[in-house]
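Structure assessment
Chain residues, written in single-letter form:
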Amino acid sequence: GTEQAHSDILPAGDILLHLGDFSAEGSTEEEHKGWKILDEWLAKQPHPVKVIVRGNHDPFYLQMEKSGALYITEPTTLPLTNNLQLGIIPYGSSRKMTASRSLPTHCTILATHVPPLKTLDRTYTGKSAGSGFLNKVVASMKQPPTLWLCGHIHEGRGVSKRAFQKNGPTTTVINAA
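Report on the accompanying structure. (Residues numbered from 1 in each chain as written. Predicted model: local features only at pLDDT ≥ 70, side-chain atom pairs only at ≥ 80, totals over all residues. Heavy atoms only, no water.)

A few words on the side chain of serine 67. With respect to the helices, strands and loops of the structure, serine 67 is situated in the loop between strand S2 (49–53) and strand S3 (70–72). Here serine 67 falls in the buried class, since its relative accessible area comes to 13%. Here aspartate 39 takes part through its side chain, which lies 2.6 Å from a polar atom of the side chain of serine 67. Among the polar contacts listed, one links the side chain of serine 67 to the backbone nitrogen of alanine 69, at a separation of 3.2 Å. Here serine 67 is in contact with Asp39, Leu42, Ala43 and Lys50, once residues within four sequence places are set aside. (Helix = DSSP H or I, 4+ residues; strand = E, 2+ residues; numbered from the N terminus. Buried < 20%, exposed > 50% of the residue type's maximum accessible area, 1.4 Å probe, protein only. Polar contact = N/O pair within 3.5 Å; in protein donor to acceptor, adjacent residues only side chain to side chain. Contact = heavy atoms within 4.5 Å.)

Here it is in structure tokens:
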């Protein structure tokens, strides 16, 4: 069950990232129970910083009271060190994200729920289900991220390298779904 799946302690690290779709499908009561179990599991983890990126199955608002995890529902950039920035883009409409004017303009690491279009985004039917909008966001950055972490398309999990700018540097994309 869910409780069994969340009993393990992860190896220590500086940051723990969850790339979305943590909500259980079912009744509201089942969803709230699942959120509580996740929060309790996160609270046990040794990471000083815990970040959850909202996925398409996740609520718009949630407080992780025990773990203190940051629940990201709007695009943002978090400074990790002087030379390392984490850009985060949760699941949402491209129109809303553009209007928010908070899309990352530069970052070393990009964390999104949805993968880039045509990169680790093939569904079981063979369709590419990534985001062309996110491709454009990265292509417009002065310097694209070195690393792009994503999820969403479970059957697309893996690692790939790709340039998002013509003659630009490659970005390592990891779909960790």
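Text resumes after the structure shown.
What the three strands build is an open sheet, ordered S1-S2-S3; its pairing is parallel. Strand pairing shows two members of the sheet lacking a second neighbour, strand S1 (15–18) and S3, which therefore form its edges. When the angles between neighbouring strand axes are averaged without regard to direction, this sheet yields 20°. In terms of strand pairing, S1 meets S2 through four bridges, oriented parallel. Within the sheet, the bridge partner assigned to leucine 17 lies in S2 and is valine 51. Each of S1 and S2 touches helix H2 (residues 28–44); the most contacted strand, S2, lies at about 150° to it. (Pairing = 2+ DSSP bridges. Axes fitted to C-alpha atoms, helices over the stretch in contact; angles between N-to-C directions.)

Scanning all chains against the criterion turns up two salt bridges. One salt bridge connects lysine 66 with glutamate 40, and the closest N-O pair in it is separated by 3.5 Å. In this pair, lysine 66 is assigned in the loop between S2 and S3 and glutamate 40 in helix H2, connecting sequence segments 26 residues apart. Taking relative accessible area as the criterion, glutamate 40 reaches 28% and is therefore assigned partly exposed. Salt-bridge contacts for glutamate 74 lead to lysine 96; the nearest nitrogen and oxygen are separated by 3.5 Å. Residue glutamate 74 is found in the loop between S3 and strand S4 (76–81), and its partner lysine 96 is found in helix H3 (residues 94–100); the two are separated by 22 residues along the sequence. (Salt bridge = Lys/Arg side-chain N within 4 Å of Asp/Glu carboxyl O.)

A few words now on the packing of aromatic side chains. Under the definition given, this model contains two aromatic pairs. With a centroid separation of 5.9 Å and an interplanar angle of 75°, the aromatic rings of phenylalanine 22 and tyrosine 71 are classed as edge-to-face. You can see phenylalanine 22 sitting in the loop between S1 and H2 and its partner tyrosine 71 sitting in strand S3, a full 49 residues away along the chain. Of the two residues, phenylalanine 22 and tyrosine 71, both sit in the buried class. (Phe/Tyr/Trp six-rings, centres within 6.5 Å; stacked < 30°, edge-to-face > 60°.)

Our next topic: helix H4 (residues 132–139). Restricting attention to buried positions, one finds in H4 the residues Leu134, Asn135, Val137 and Val138. Here the buried residues of H4 occupy an arc of 160° about the axis, which is enough to place them on one side. Contacts made by the buried residues of H4 are with strand S5 (84–89), strand S6 (109–112), strand S7 (147–150) and strand S8 (158–163). (Arc of directions from axis to C-beta.)

What follows concerns H2. Between the first and last C-alpha of H2 there are 25 Å, a value that for 17 residues agrees with the 24 Å anticipated at 1.5 Å per step. All of the buried residues along H2 are Gly34, Trp35, Ile37, Leu38, Asp39, Trp41 and Leu42. (Expected span 1.5 Å × (residues − 1).)

Alternating residues of S6 divide into Ile109 and Ala111 and Leu110 and Thr112, and every residue in both groups is buried. Pairing analysis gives four bridges linking S5 to S6, with the strands arranged parallel. Among the inter-strand pairings, leucine 86 is bridged to a residue of S6, identified as isoleucine 109. Crossover handedness for the path S5 to H3 to S6: right-handed. Direction of pairing for S6 relative to S7: parallel, over a ladder of three bridges. Pairing of isoleucine 109 across the sheet is with leucine 147, part of S7. Where the polypeptide runs from S6 across H4 and back to S7, its parallel neighbour, the crossover connection is right-handed. (Right-handed = clockwise from strand over helix to strand, strands pointing away.)

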